[in-house]
Amino acid sequence: MIVNAAIVQARPAYYNLDASLERAQTLTSDAARAGAQLVVFGETWLPGYPAWLDVCPGAALWDNATTRSLFAELVANSPSVPGPATEALAQLARDLGIVLVMGINERCGNTLYNSLLTFDSDGALRNHHRKLRPTYTERLVWGPGDGAGLRAPETAAGRVGALVCWEHWMPLPRQTLHDAVEQIHVAAWPTVRDMHQVASRHYAFEGRCFVLAAGSLLRVSDLPPGLETLPELTPDDLLLRGGSAIYGPDGAALAGPCFDEACILHADLDLRLIAQESMTLDVSGHYARPDVFSLTVNRSRPGAAEATARD
C-alpha cells in the first residue's frame, strides 16, 4: 500500500478560529487536489501556537493583565470536542475522502488542552490525543493531558499515531505507540528546529515507521497587539520557521525540511518498506524483552463530562 501524505506548513489566522478554519479548509482541499490521501497540520494550528509566552518579556509573569486578556481571547477562539469546528473538520475529511490530522487548542470549559485530532476518510474521529505534559511556560496555557489518545488507530491511510512536540523525548509514550503497530506517525511541532528534526528522524528509525514532522509559520506581526516584543525583532521576522519534513522507516529524509516559507510537502509512503526495515529492529517484536520489561497505560480521561462545553 502506497499512501500520498502531505504536511500543510502555513500561517493560521492568529487567533481567529473562524478565519483559521476557513484557511484550513482551503489548504486541505489544495493538498487533496494534488493527490494527498493523508493531510497533516502542526501543533495547535487552530487557532495558533501561543509563541508570545517565550518572545514577549513579562508575558509569562504572574497577573500580567494583557496576558490574562489574551488567554481569555484564546479560550473564546478555541474549539471544543465535539463542536461546530470539529464537525466542520469531519465534514471536510469526508467530502475530500482523506485522513486529516489537525492540531488544536482544545477548549473544555475554561481549560485549554494541546490536542491532536485524527479524522478518517469517512469523517469519523478516530483519535483524540491531549499532550501529556505541557512544556515549561506552556503550563500557563494548557492543562496536562491523559493516556486516552495514546493509540494508532486503523484509518484509510493505515495505522496512524501522533505525539506533540516534547512528547518525542518521553520514552514511554514512544514505546506505547510503537506497541500499537504504528505505520505512520505524526510529529506535531510549533516549528521543527534542528533538535526536533533529530527527534523526528530518530522516532522513524526506532519505530520503523514513517514520520511526518509538521511545523508552522508565525511572523512577529502575527502576535496579538498590546504585547511588548524583544527589541531586536522586526514585524517581518519569523518566530516559527516551519521546518516540516517527512522521514522513512530507515530514518531517511523523503521530503524537506522546508524552512521560512509556506508549502504543502508531499511524499509517497510505501508501507511495505516497514516490514523490510523491521528485519533488523522491531522494538515491539523480536527486539523486545517482555520477560524483562512491562508497560501499562492508564487510558482513562478524567473530567470527560466537562467536554459538553460549547464552541
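Here, the structure is the one placed above.
It is worth spelling out the sheet that holds strand S4 (residues 111-119) at this point. Pairing within the open sheet is mixed, and its 6 strands lie in the order S5-S4-S3-S2-S1-S13. Two strands lie at the open edges of the sheet, namely strand S5 (125-130) and strand S13 (263-270), each paired on one side alone. Sheet twist, expressed as the mean angle between neighbouring strand axes with direction ignored, is 25°. Where S4 lies against S5, 5 bridges are found, and the strand directions are antiparallel. Of the residues in S5, the one forming a bridge with Leu-117 is His-128.

Below, the discussion takes up the pattern of salt bridges. This model, assessed by the stated rule, comprises 15 salt bridges. Close ionic contact of Lys-131 with Glu-43 constitutes a salt bridge, the shortest N to O distance being 4.0 Å. Placement of Lys-131 in the loop between S5 and strand S6 (154-155) and of Glu-43 in the loop between strand S2 (38-40) and helix H2 (52-55) is noted, with a sequence separation of 88 residues between them. The burial state of Lys-131 is the same as that of Glu-43; both residues are buried. When the shortest N-O distance is used, the salt bridge between Asp-122 and Arg-126 registers 3.0 Å. When its relative accessible area of 41% is taken as the criterion, Asp-122 is described as partly exposed. The structure contains a network of salt bridges with shared partners spanning Glu-106, Arg-130, Asp-146 and Arg-301.

What follows concerns helix H1 (residues 17-33). The terminal C-alpha atoms of H1 lie 24 Å apart, and with 17 residues this matches the ideal 24 Å at 1.5 Å per residue to within 8%. Of the residues making up H1, those classed as buried are Leu-17, Ser-20, Leu-21, Ala-24, Leu-27, Thr-28, Ser-29, Ala-31 and Ala-32. Where the residues of H1 are buried, they touch strand S1 (2-9), S2, helix H4 (84-96), strand S3 (99-108) and S13. The N-cap of H1, judged by a side-chain oxygen 3.3 Å from the amide nitrogen of Asp-18 a few residues on, is Asn-16.

All right, on to the packing of aromatic side chains then. If you walk through the whole model with that rule in mind, you get 5 aromatic pairs. Ring geometry for Tyr-14 and Tyr-15: centres 5.4 Å apart, planes at 75°, overall edge-to-face. As far as the burial class goes, Tyr-14 and Tyr-15 line up, both buried. Cluster of aromatic residues (ring-pair linked, three or more members): Trp-166, Trp-169 and Trp-189.

With that settled, consider unusual backbone geometry. Most peptide bonds take the trans configuration, and most residues that are not glycine carry a negative phi. In this structure, Pro-82 follows Val-81 across a cis peptide bond, with omega equal to 0°. Geometrically, the link from Gly-256 to Pro-257 is a cis peptide bond, its omega value of 5° lying close to zero. Tracing the chain through its elements places Pro-257 in strand S12 (residues 253-259). Of note, Cys-165 is a non-glycine position whose phi angle comes to about 50°, a positive value. In this fold, Cys-165 is placed in the loop between strand S7 (158-164) and helix H5 (171-179). Overall, Cys-165 belongs to the buried group, its relative accessible area being 4%.

In this section: helix H6 (residues 194-207). Here H6 is 14 residues long and its end C-alpha atoms lie 20 Å apart, about the 20 Å a rise of 1.5 Å per residue gives. Among the structural elements, S7, H5, strand S8 (184-188), strand S9 (210-214), strand S11 (238-247) and S12 are those in contact with the buried residues of H6. Just past H6, the residue Arg-208 takes up positive phi, approximately 50°.

This part is about the nonpolar core. Soluble globular proteins: nonpolar side chains tend toward being buried together. Counting residues in each nonpolar core, the largest one holds 43 residues, and the members touching the most others are Leu-38, Ile-184, Leu-212, Ile-246 and Leu-269. Considering every element that reaches this core, the biggest residue donor is S9, with 5 residues. If we ignore the near neighbours within four places in the chain, the residues touching Leu-38 are Val-3, Asn-4, Ala-5, Ala-6, Val-99, Val-101, Ala-157, Ile-184 and Leu-212. The next biggest cluster of nonpolar side chains, apart from the first, holds 26 residues, and it includes Val-8, Ala-31, Ala-90 and Ile-104.

Glancing now at a nonpolar patch on the surface. Together, Trp-166, Trp-169, Met-195 and Val-198 line one region of the surface with nonpolar side chains, adding up to about 400 Å² of accessible area. Its location among the elements puts Trp-169 in the loop between S7 and H5. Judged by relative accessible area, which is 33%, Trp-169 ranks as partly exposed.

Time to look at the pairing of S1. Along S1, 7 of the 8 residues are buried, which leaves the element largely enclosed by surrounding structure. Inspection of the sheet shows S1 paired to S13 by 8 bridges, in the antiparallel sense. Each bridged residue has a counterpart across the sheet, and for Asn-4 the counterpart in S13 is Asp-268. Here S1 runs beside S2; their pairing, made up of 3 bridges, is parallel. Of the residues in S2, the one forming a bridge with Ile-7 is Val-40. In this region the chain leaves S1, passes through H1 and returns to the parallel neighbour S2; the handedness of that crossover is right-handed.

Conventions used here
- Residues numbered from 1 in each chain as written.
- Predicted model: local features only at pLDDT ≥ 70, side-chain atom pairs only at ≥ 80, totals over all residues.
- Heavy atoms only, no water.
- Pairing = 2+ DSSP bridges.
- Helix = DSSP H or I, 4+ residues; strand = E, 2+ residues; numbered from the N terminus.
- Axes fitted to C-alpha atoms, helices over the stretch in contact; angles between N-to-C directions.
- Salt bridge = Lys/Arg side-chain N within 4 Å of Asp/Glu carboxyl O.
- Buried < 20%, exposed > 50% of the residue type's maximum accessible area, 1.4 Å probe, protein only.
- Expected span 1.5 Å × (residues − 1).
- Contact = heavy atoms within 4.5 Å.
- Polar contact = N/O pair within 3.5 Å; in protein donor to acceptor, adjacent residues only side chain to side chain.
- Phe/Tyr/Trp six-rings, centres within 6.5 Å; stacked < 30°, edge-to-face > 60°.
- Core = buried A, V, L, I, M, F, W, Y, C linked by side-chain atoms within 4.5 Å.
- Patch = residues over 30% accessible without salt bridge, like charges linked within 9 Å, V, L, I, M, F, W, Y side chains within 5 Å.
- Areas by Shrake-Rupley, 256 points an atom, 1.4 Å probe, with all protein chains shown as cover.
- Right-handed = clockwise from strand over helix to strand, strands pointing away.

Shape descriptors only; they carry no functional weight alone.
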